[in-house]
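So you can see what is in the structure, the chains are spelled out below.
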Amino acid sequence: IAGITQAPTSQILAAGRRMTLRCTQDMRHNAMYWYRQDLGLGLRLIHYSNTAGTTGKGEVPDGYSVSRANTDDFPLTLASAVPSQTSVYFCASRADLGNNSPLHFGNGTRLTVT
Amino acid sequence: DQQVKQNSPSLSVQEGRISILNCDYTNSMFDYFLWYKKYPAEGPTFLISISSIKDKNEDGRFTVFLNKSAKHLSLHIVPSQPGDSAVYFCAAGTRTGGTSYGKLTFGQGTILTVHP
């Protein structure tokens, strides 16, 4: 079934550790996004990529990095995790930017930093 | 600075009645708006959208209204069903350029509970 796959589903991570959240889509969408969802704050954009080979910063990029080596994969890395990065992380994609094509979301990764 | 705001954290409605979810925005560059629905342990799913050239868009039981002068949009669900119980996010973006081009800004979400 076409869509977005995120891994892991959940993770408990010690503060200071490095972690990469994986995201793969098979819809050949050009644009991909990482959001975090926190209670009372909704979904906030961390990083985005309009097309393979390019990335950009969203609202809350500090402490996170991304890469977009190909169309399908968009991993999110926490170089040194801190407790404030405890959140649910959603990867999303969309076909293009030129019209109002909606975002398609994965099922999320629940990350707890202790 | 929250550019998209949903001021009601929760809403409770009886089955068969109308649910009205509200959303306000501050960025006048936004020119299209979307509503997403989210069940627990799942990602948000697209529900309905509206362009700024319209003031209403309807899809079955779901209607979105846009009041550009007030920078306000609302989602009406009629009739409400227990399966509609979920978190609803409004989102806004720009299609014509600017710093928000290609990106969506989301509100905080409203938890809708529809009682049988």
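Everything below is about the structure printed above this text.
Residues numbered from 1 in each chain as written. Chains lettered and ligands numbered in written order. Predicted model: local features only at pLDDT ≥ 70, side-chain atom pairs only at ≥ 80, totals over all residues. Heavy atoms only, no water.

Engineer: Even after reading the chapter, I still don't get the pattern of salt bridges, so can you show me in this structure?
Structural biologist: Between side chains of opposite charge, a pair can form when the charged atoms approach closely. Residue and element names in this part refer to chain A. Overall, the coordinates contain six salt bridges over all chains when judged by the stated rule. Residues Arg-28 and Asp-72 are paired through a salt bridge, measuring 2.9 Å at the closest nitrogen-oxygen approach. Note that Arg-28 is positioned in the loop between strand E3 (19-25) and strand E4 (31-38) and Asp-72 in the loop between strand E7 (64-66) and strand E8 (76-78), a separation of 44 residues in sequence. Residue Asp-72 is classed as partly exposed on the basis of its relative accessible area, which comes to 23%. In this structure, Arg-44 engages Asp-38 in a salt bridge whose closest nitrogen and oxygen atoms are separated by 3.0 Å. Salt bridges sharing partners connect three or more residues here, namely Arg-36, Asp-38 and Arg-44. (Salt bridge = Lys/Arg side-chain N within 4 Å of Asp/Glu carboxyl O. Helix = DSSP H or I, 4+ residues; strand = E, 2+ residues; numbered from the N terminus. Buried < 20%, exposed > 50% of the residue type's maximum accessible area, 1.4 Å probe, protein only.)

Engineer: Sorry if this is basic, but what is going on with the interface of chain A and chain B here?
Structural biologist: Accessible area lost on assembly of the parts is the figure often given for the size of an interface. Between chain A and chain B, the contact holds 21 residues from the first and 20 residues from the second. Buried area between chain A and chain B, summed over both chains or domains, comes out near 1800 Å², and the portion from carbon and sulfur atoms is 59%. Between chain A and chain B we count zero salt bridges in total. Across the contact surface, chain A and chain B share four residue pairs in polar contact (both at pLDDT 80 or more). With four residues, the top contributor of residues to the side of chain A that touches chain B is strand E5 (residues 42-49) of chain A. Here the residues of the side of chain A that touches chain B sort into eleven nonpolar, eight polar and two charged. (Contact = heavy atoms within 4.5 Å. Buried area = accessible area lost by both parts, 1.4 Å probe. Polar contact = N/O pair within 3.5 Å; in protein donor to acceptor, adjacent residues only side chain to side chain. Nonpolar A, V, L, I, M, F, W, Y, C, P; charged D, E, K, R; others polar.)

Engineer: What exactly am I supposed to notice about the nonpolar core here?
Structural biologist: A general trend in soluble globular proteins is that nonpolar side chains are found buried together. Residues and elements named next belong to chain B. Counting 23 residues, the largest nonpolar core has Phe-33, Trp-35, Leu-73, Leu-75 and Tyr-88 as the members making the most contacts within it. Secondary structure elements with two or more residues in this core: strand E3 (19-25), strand E4 (32-38), strand E5 (45-51), strand E7 (62-67), strand E8 (72-77), strand E9 (86-93) and strand E11 (110-115). For this core, the leading source of residues is E9, giving four residues. In this structure, Tyr-88 is in contact with Gln-6, Leu-21, Trp-35, Tyr-36, Lys-37, Leu-47, Leu-75, Ile-77, Gly-109, Thr-110 and Leu-112, ignoring residues within four places of it in sequence. (Core = buried A, V, L, I, M, F, W, Y, C linked by side-chain atoms within 4.5 Å.)

Shape descriptors only; they carry no functional weight alone.
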